[in-house]
Amino acid sequence: MTQRVALTLAAPLLAIVLALSVSSAVLRATGHSPVDVLALLADQLTQVGELVKTANRAGPYYISGVAVAVGFKMNLFNIGVEGQYRLAGVTAAAAGAALPLPGPLRLLAVVAVAMAVGGAWAGIAGVLRAHRGVSEVISTIMLNAIALGITPFVLTRWFREEEVEGAVDFGIRTREIPSGHLPDLDALVPGALPGGVHLNAFVVIAALVGVGYWVLVWHSRFGFDLRASGSNPHAARASGVDARRMTVVAMAISGAIAGLVGLSSIIGAAPHRYTDESFLAGLGFTGIAIALLGRNHPVGIALGALLWAFMDVARTPMSRADLPREITTIMQGIIVLSVVVAYSVVVRVARRRDTAALARQVDPAGATA
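Described below are features of the structure shown in this document. As the structure is a computational prediction, the values presented were derived from the model and not from experiment.

1. Quick word on the packing of helix α7 (residues 202-218) against helix α8 (residues 221-231)
Their axes nearest at 5 Å, the elements α7 and α8 cross at an angle of 70°. It follows that α7 is roughly perpendicular to α8 by the angle criterion. Facing Leu216, Val217 and Trp218 of α7, the residues of α8 in contact are Phe222, Gly223, Phe224, Leu226 and Arg227. Class assignment of the residues belonging to the contact of α7 with α8 gives a composition of 6 nonpolar, 1 polar and 1 charged.

Laid out in structure tokens, this is it:
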């Protein structure tokens, strides 16, 4: 038991040491002091405004990581989160502006539309994998390309806000959602916040997604079948699990969660509409890295999302301090690579120890010879 706990702790410690060593070497090679960068990052941890920005940014990252992790639990690689949340975002924003509903119902409708669109789009890849044997990696990449083409098409032709006659406006966006916005949670923050910084309630939605993921995967029959299908599909099939159905449902759930990723700028902070400028791109691909960082566990993904967001927020203070802001991107990549390498090393060590222990039980004389 003690050895297993030691091996579990060894992986993140090894990853941290490896990431710090390589990052320090990169900084020294570019003529900068690693101590200055670490001091700036440590100072950022003491500033309430920077921590609130980190929490706001971590919300979409966390949901994206959970969406990817659902697929990972069944050995499915959903690369299509990027296309799923962008298509869901523009559709949900248009529906939210058009539906004649009071505030709370409008909010629920936006969430439901986003999840339905994301789930349906990802479900296509699930059906192709289950019934035609098409790799979900290939199909989600292609669906990404299609979704990134459909999104501006429907935005410019059907969902675009009508132009005011005589006004000069080159912006392309949906109409503003009039009600059903998430409130700010500034009252929960100890101390005064800088001007323009607010704690958005979207972090609550992210937390609820994490709780739902934990209950679904670790405390339900569906989750048991999902994990069994991912770890040993032949044994799961022999015990009566419908592998095709599980594939389609798992991809649809992953896509439904992905549909929520971009809602922070639609129902959370302004502008409460879809615009190409305000809708963040790249969150789907970042979710893959965060799911790897968190080892597909809800707590691990949360820590990975916070770390990733913290490094993002640190770019501005680094620029002000005349330090290379690009080092945060390099460090993010090094951290992910370090985690993958460290866990691979620890898993190999654990397997060798288990094999040696089994050999000693079967043949004590041979094991000691």
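After that view of the structure, there is still more to cover.
2. A look at the packing of aromatic side chains
One pair of aromatic rings is described through two measures. These are the centre distance and the angle between the planes. For the structure on display, the rule yields 3 aromatic pairs. Ring geometry for Phe72 and Phe77: centres 5.3 Å apart, planes at 50°, overall tilted. According to the relative accessible area criterion, Phe72 is buried, its value standing at 18%. A centroid spacing of 5.7 Å and a plane angle of 85° characterise the contact between Phe153 and Trp158, whose relative ring orientation is edge-to-face.

3. Comments concerning helix α12 (residues 298-313)
In an α-helix there are 3.6 residues to a turn, and that puts residues three or four apart on one side. Its 16 residues place the ends of α12 22 Å apart at the C-alpha level, agreeing with the 22 Å of an ideal helix rising 1.5 Å per residue. Within α12 the residues assigned to the buried category are Pro298, Gly300, Ile301, Gly304, Ala305, Trp308, Ala309, Phe310, Met311, Asp312 and Val313. Looking at the buried positions of α12, the neighbouring elements they touch are α2 (34-44), α3 (48-72), α7, α11 (283-293), α13 (315-320) and α14 (326-362).

4. Here we look at the pattern of salt bridges
Per the counting criterion, the structure on display carries 8 salt bridges. When the shortest N-O distance is used, the salt bridge between Arg273 and Glu161 registers 3.1 Å. Of this pair, Arg273 sits in the loop between α10 (243-258) and α11 while Glu161 sits in the loop between α6 (136-159) and α7, and the two are 112 residues apart along the sequence. Given a relative accessible area of 26%, Glu161 falls into the partly exposed group.

5. Some words on the packing of α12 against α14
Look at α12 against α14: their axes get within 9 Å of each other, and the N-to-C directions meet at 160°. Considering the angle they form, α12 stands roughly antiparallel to α14. By crossing handedness, the relation of α12 to α14 is classed as right-handed. Taking contact as the criterion, the partners of Leu307, Trp308, Met311 and Asp312 in α12 are, on α14, Thr328, Met331, Gln332, Ile335 and Val336. Residue composition of the contact of α12 with α14, by class: 6 nonpolar, 2 polar and 1 charged.

6. Focus on the side chain of Thr286
Looking at the secondary structure, you find Thr286 in helix α11. Judged by its relative accessible area of 14%, Thr286 is buried. Of the polar contacts made by the side chain of Thr286, one reaches the backbone oxygen of Gly282; its length is 2.9 Å. Aside from chain neighbours lying at most four places away, what touches Thr286 is Tyr61 and Trp308.

7. Details of a nonpolar patch on the surface
Together, Leu14, Leu18, Val22, Leu337, Val341, Val345 and Val349 make up an exposed nonpolar region whose accessible area comes to about 520 Å². Broken down by secondary-structure element, the contributors of at least two residues to the nonpolar patch are α1 (2-29) and α14. In terms of residue count, α14 provides more of the nonpolar patch than any other element does, 4 residues in total.

8. So, unusual backbone geometry
Even without being glycine, His272 reaches a positive phi, approximately 60°. Mapped onto the fold, His272 is located in the loop between α10 and α11. For Asn296, which is not glycine, the phi dihedral falls at a positive 65°. Among the structural elements, Asn296 can be located in the loop between α11 and α12.

Conventions we followed
- Residues numbered from 1 in each chain as written.
- Predicted model: local features only at pLDDT ≥ 70, side-chain atom pairs only at ≥ 80, totals over all residues.
- Heavy atoms only, no water.
- Axes fitted to C-alpha atoms, helices over the stretch in contact; angles between N-to-C directions.
- Helix = DSSP H or I, 4+ residues; strand = E, 2+ residues; numbered from the N terminus.
- Parallel < 35°, antiparallel > 145°, perpendicular 65-115°, else oblique.
- Contact = heavy atoms within 4.5 Å.
- Nonpolar A, V, L, I, M, F, W, Y, C, P; charged D, E, K, R; others polar.
- Phe/Tyr/Trp six-rings, centres within 6.5 Å; stacked < 30°, edge-to-face > 60°.
- Buried < 20%, exposed > 50% of the residue type's maximum accessible area, 1.4 Å probe, protein only.
- Expected span 1.5 Å × (residues − 1).
- Salt bridge = Lys/Arg side-chain N within 4 Å of Asp/Glu carboxyl O.
- Left-handed = near helix turned anticlockwise from the far one by under 90°.
- Polar contact = N/O pair within 3.5 Å; in protein donor to acceptor, adjacent residues only side chain to side chain.
- Patch = residues over 30% accessible without salt bridge, like charges linked within 9 Å, V, L, I, M, F, W, Y side chains within 5 Å.
- Areas by Shrake-Rupley, 256 points an atom, 1.4 Å probe, with all protein chains shown as cover.

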